[in-house]
Amino acid sequence: MEIDLAPKAPKGSYAGDGGSYSSWTPDDLPMLRVASIGAAKLTLNSRGFAAPSYSDSSKVAYVLQGSGVCGLTVPEATTEKVIRIKEGDALAIPFGFVTWWFNPNDSNLAILFLGDTSRGHRRGQFTDFHLTGPTGIFTGFTPEFVSRAWDLSDSDVSKLVHDQSNVGIVKLKVGQKMPEPSEKDRDGLVVNCHEAPLDVDIKGGGCVVVLNSKNLPTVELVTYVVKGSGRVQVVGVDGRRVLETKVSGGQLFIVPRFFVVSKIADPEGMECPVFSHLAGRTSVWKAISPEVLEAAFDTAPQLEQLFRSKRTSDEIFFPPK
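Calculation criteria
Residues numbered from 1 in each chain as written. Predicted model: local features only at pLDDT ≥ 70, side-chain atom pairs only at ≥ 80, totals over all residues. Heavy atoms only, no water. Pairing = 2+ DSSP bridges. Helix = DSSP H or I, 4+ residues; strand = E, 2+ residues; numbered from the N terminus. Axes fitted to C-alpha atoms, helices over the stretch in contact; angles between N-to-C directions. Contact = heavy atoms within 4.5 Å. Buried < 20%, exposed > 50% of the residue type's maximum accessible area, 1.4 Å probe, protein only. Parallel < 35°, antiparallel > 145°, perpendicular 65-115°, else oblique. Left-handed = near helix turned anticlockwise from the far one by under 90°. Phe/Tyr/Trp six-rings, centres within 6.5 Å; stacked < 30°, edge-to-face > 60°. Core = buried A, V, L, I, M, F, W, Y, C linked by side-chain atoms within 4.5 Å. Nonpolar A, V, L, I, M, F, W, Y, C, P; charged D, E, K, R; others polar.

Participant: I'm lost on the sheet that holds strand 17 (residues 227-235) in this one. Help?
Facilitator: Two orientations exist for strands paired in a sheet by backbone hydrogen bonds: parallel and antiparallel. Across the sheet, 3 strands lie side by side as 18-17-20; this open sheet has antiparallel pairing. Of all the strands in the sheet, just strand 18 (241-248) and strand 20 (260-271) have a single pairing partner and so form its edges. Taking each pair of neighbouring strands and ignoring which way they run, the sheet shows an average axis angle of 10°. Bridge analysis of strand 17 against strand 20 gives 8 bridges, and the strand direction is antiparallel. Across the sheet, residue Gln233 finds its bridge partner in strand 20, namely Ser262. Taken strand by strand, helix 2 (residues 143-150) contacts strand 17 and strand 20, and its axis lies near 75° from that of strand 20.

Shown next as structure tokens:
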């Protein structure tokens, strides 16, 4: 069967005053599906901020134009890495790592993403999961579940979930503070292709830098209920609740990779294995800088501080009210 190999431009996925995110799809570029490669481009205008998100695929981010700041949070880490990026930089982003991007400069910042989607939800296309905004993971859970997980009032939950009306990208106000990058955070995570030793250098012809594990080393969930019973909600792509059901001892259910699950046990309790989590002492929310959460939620510092102050010592289990 003949495959269309003609070059294609990306199509816009979402955009706003802060910039745009576009991607190449297997329908337009069939080789993406054949090769299991995802490709996308992020463009941030001056003061543009791409709110925290994670992807179902490992990728390399290559800075095509401009300079800015990237925040990267490793699963279960207690602090984030804040990295200054510039044209020519290549960053390895393993799947599941939470990232955010900010352009503090007057000129645009453009980043190309390429990665392996063979283990993703859609072969040949990235699936991104936003932490905040109208398609954020909170929107799929009922207020009760968010309130119980974070020990917040219904009104505070409503503000956190609904105040940020933009999808993915916003434009921050002048003077709104963001975390300062650390030079040591670049070590082992970033290679600048303009400055790295050349693998191929043909005089008058061109040069090549090969990215591999030597210079860039960081290049489904099954739940079995042992005993007891309770309620389960699962939130998937675009913050949609894809499952709401009651489970009991002896049952097994499968949650697709990167979908988010929350459980509330019945009075007799519920015992089941636990993997990574979004609430508790090792939650990714605790690692992300306060300024980033304020911008992502579009909320006041007081509510962000209240949100951050909750569930700081607990692991992932919270007592009944």
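Participant: I would appreciate a short explanation of the side chain of Thr99 in the present structure.
Facilitator: With respect to the element layout, Thr99 can be found in strand 9 (residues 98-102). Residue classification places Thr99 among the buried residues on the basis of a relative accessible area of 8%.

Participant: Is there a simple way to explain the packing of helix 5 (residues 290-297) against helix 6 (residues 301-309) in this structure?
Facilitator: The angle between the axes and the distance between the axes are what describe a pair of packed helices. Two elements in contact, helix 5 and helix 6, have axes separated by 10 Å at closest approach and are oriented at 115°. With respect to helix 6, the element helix 5 is oriented roughly perpendicular. The element helix 5 and its partner helix 6 pack so that their crossing is right-handed. Contact residues: Pro290, Leu293, Glu294 and Phe297 in helix 5; Pro301, Glu304, Phe307 and Arg308 in helix 6.

Participant: Sorry, what's going on with the packing of aromatic side chains here?
Facilitator: Each pair of aromatic rings is reported with the distance of its centres and the angle of its planes. Counted by the stated rule, this structure contains 12 aromatic pairs. Look at Tyr54 and Phe258: their rings are 5.9 Å apart centre to centre, the planes differ by 45°, and that puts the pair in the tilted class. When sorted by exposure, Tyr54 lands in the same class as Phe258, which is buried. Aromatic side chains Phe138 and Phe297 sit 6.3 Å apart centroid to centroid with 10° between the ring planes, which places their arrangement in the stacked category. We classify Phe138 as buried; its relative accessible area is 8%.

Participant: Whenever I open this one, the pairing of strand 4 (residues 48-55) confuses me. Can you help?
Facilitator: For a regular strand, the rule is simple: side chains alternate between the two faces of the sheet. With 8 of 8 residues buried, strand 4 is to be regarded as a mostly interior element. With 3 bridges connecting them, strand 4 and strand 12 (residues 169-171) associate as antiparallel partners. From the neighbouring strand, Gly48 faces strand 12, where its bridge partner is Lys171. Of the pairings in the sheet, the one linking strand 4 to strand 9 comprises 3 bridges and is antiparallel in character.

Participant: Could you clarify how one ought to interpret the side chain of His130 in this entry?
Facilitator: Counting through the fold element by element, His130 comes out in strand 11 (residues 128-130). Once you skip the residues sitting within four places of it in the chain, His130 turns out to touch Tyr14, Pro52, Ser53, Thr135, Gly136, Ile137 and Gly168.

Participant: Could you clarify how one ought to interpret helix 2 in this entry?
Facilitator: Taken residue by residue, helix 2 has Phe145, Val146, Ser147, Ala149 and Trp150 as its buried positions. On its buried face, helix 2 sits against helix 3 (154-162), strand 17, strand 20, helix 4 (284-287) and helix 6. Directly after helix 2, the chain includes Asp151, whose backbone phi takes a positive value near 55°.

Participant: I tried to follow the nonpolar core on my own but got confused; where do I start?
Facilitator: Nonpolar side chains tend toward joint burial in soluble globular proteins. Core analysis: the largest hydrophobic core is formed by 45 residues, its most contacted members being Phe49, Trp285 and Phe307. Broken down by element, the residue count for this core peaks at 5 residues, all from helix 5. Judged by nonpolar contacts, the second largest core, of 22 residues, contains Tyr21, Cys70, Ile111 and Phe113.

Participant: What's the story with the packing of helix 3 against helix 6 in this structure? I'm lost.
Facilitator: Interhelical geometry of helix 3 versus helix 6 gives an angle of 110° and a closest axis separation of 11 Å. By the criterion of interaxial angle, the relationship of helix 3 to helix 6 is roughly perpendicular. Here Asp156, Lys159 and Leu160 of helix 3 come into contact with helix 6, specifically with Leu303, Leu306 and Phe307. Residue composition of the contact of helix 3 with helix 6, by class: 4 nonpolar, no polar and 2 charged.

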